[in-house]
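Tertiary structure, described
Next come the chains, spelled out residue by residue.
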Amino acid sequence: MKSILVTGGTGFIGSHTVLELLANNYQVVVMDNLRNSKIESLKRVEKLSNMHVDFHKIDLLDKPALSGLFNKYKFDGVIHFAGLKAVGESVEKPLLYYTNNITGTLNLCEVMQENQVKNLVFSSSATVYGNPDQSPLTENESLSAVNPYGQTKLTIEFILKDLQHADSDWNISLLRYFNPVGAHKSGDIGEDPHGIPNNLMPFITQVAVGKLKELSVFGNDYPTPDGTGIRDYIHVVDVAIGHIKALEKLREKPGLVTYNLGTGKGSSVLDMIQAFENANSVKIPYKFAPRRPGDAAICYADVSKAERELNWKAKYSLQEMCRDAWNWQTKNPTGFD
Ligand code: WQD
């Protein structure tokens, strides 16, 4: 399996995965509608890898353009990142999320099927575990959605399960990311959220660089040791490497397989602030604020299945995640602009 199409390949996890694919001698083609990312990220990836990557500005809702892409190249497999992922926005604009994420994926699968391309790695999310009442979470936990974004991920997982059940020529890996953070050690690519960041780490780095005044800690009355929410933060490069391992797994024709990509360790919001301050010798001013609706108290992964079946284990520490996130932010105070 050599030629890989990466949808959403100019995004945060997509760009880091493209870099790892190139380092593993894959031929990569990237498509993205550049709605939530910038082509500059791919230019940086080309510079870092000293390799060219064909890019096509295509929206998954443009099925004829998608078909044209599959007529131009003979892909062996697809890694599918493209999709909208802001939880809050999905609550305000559910139709946008269902159309973009689900119809887009249906178009992709139909065109793949028409072209006999049946190896797929799908970017899923721990959000399909809903509001878990205990952690660590294995891949067999009950699944539910607590917002339209999570519902799109869950629905796509069911679509792919039904597709593979109907046609056993498909080999599909569902990767459930926990909380990807950090950046490539060069600091040349990283997380570049639009507007005010929803997620903790980019908010912390923007406070640290002076773009934002202070961090609001959403709730300090959770049933956790320090009262703040606990999550499984994982370095984005570890997540990217997980995709290489998932592609290799598909060579064994496993049918449909599902893996948690996390570290198996939980860290609270205050742990993250402390780790960031220690790693970078900066102060993060913060205040306690009310809980954010829909937030779980504790959510972290049981990663034993991915370790066993993918021969993959997260390597980077919280310190390295914080150091690399800060390196990216200081080298790129306004992101890819
Ligand atoms: C982490 C912790 C917050 C911001 C979300 C999506 C999930 C995935 C990852 C796409 C929580 C606290 C946050 C802030 C805070 N995205 N926090 N102040 O909510 O675990 O997951 O992003 O796949 O689908 O749901 O990540 O970074 O938003 O929050 O206190 O300004 O930080 O309450 O405890 P989350 P997060």
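Read on for a plain summary of the structure. Since this is a predicted model, take the numbers as computed values, not measurements.

Inspection of the entire model under this criterion finds 6 aromatic pairs. Centre to centre, the rings of phenylalanine 70 and phenylalanine 75 are 5.1 Å apart; their planes meet at 75°, and the pair counts as edge-to-face. Arranged with centres 4.8 Å apart and planes meeting at 50°, the rings of tryptophan 328 and phenylalanine 336 form a pair that is tilted. Both residues of the pair, tryptophan 328 and phenylalanine 336, belong to the buried class. Here the aromatic residues Phe70, Tyr73 and Phe75 are joined through ring pairs into a cluster of three or more. For the cation-ring pair, arginine 291 lies above tyrosine 222, with the distance from its terminal atom to the ring centre recorded as 4.1 Å.

With that out of the way, let us pick up the pattern of salt bridges. A side chain with one charge may pair with a side chain of the opposite charge, provided their charged atoms come close. The final tally for this structure, using the stated rule, is 19 salt bridges. In this structure, the salt-bridge partner of aspartate 295 is arginine 292, at a minimum N-O distance of 3.0 Å. Taking relative accessible area as the criterion, arginine 292 reaches 34% and is therefore assigned partly exposed. If you follow the salt bridges from partner to partner, you end up with Lys38, Asp192 and Asp337 in one network.

Thresholds applied
Residues numbered from 1 in each chain as written. Predicted model: local features only at pLDDT ≥ 70, side-chain atom pairs only at ≥ 80, totals over all residues. Heavy atoms only, no water. Phe/Tyr/Trp six-rings, centres within 6.5 Å; stacked < 30°, edge-to-face > 60°. Buried < 20%, exposed > 50% of the residue type's maximum accessible area, 1.4 Å probe, protein only. Lys NZ or Arg CZ within 6 Å of the ring centre and 35° of its normal. Salt bridge = Lys/Arg side-chain N within 4 Å of Asp/Glu carboxyl O.

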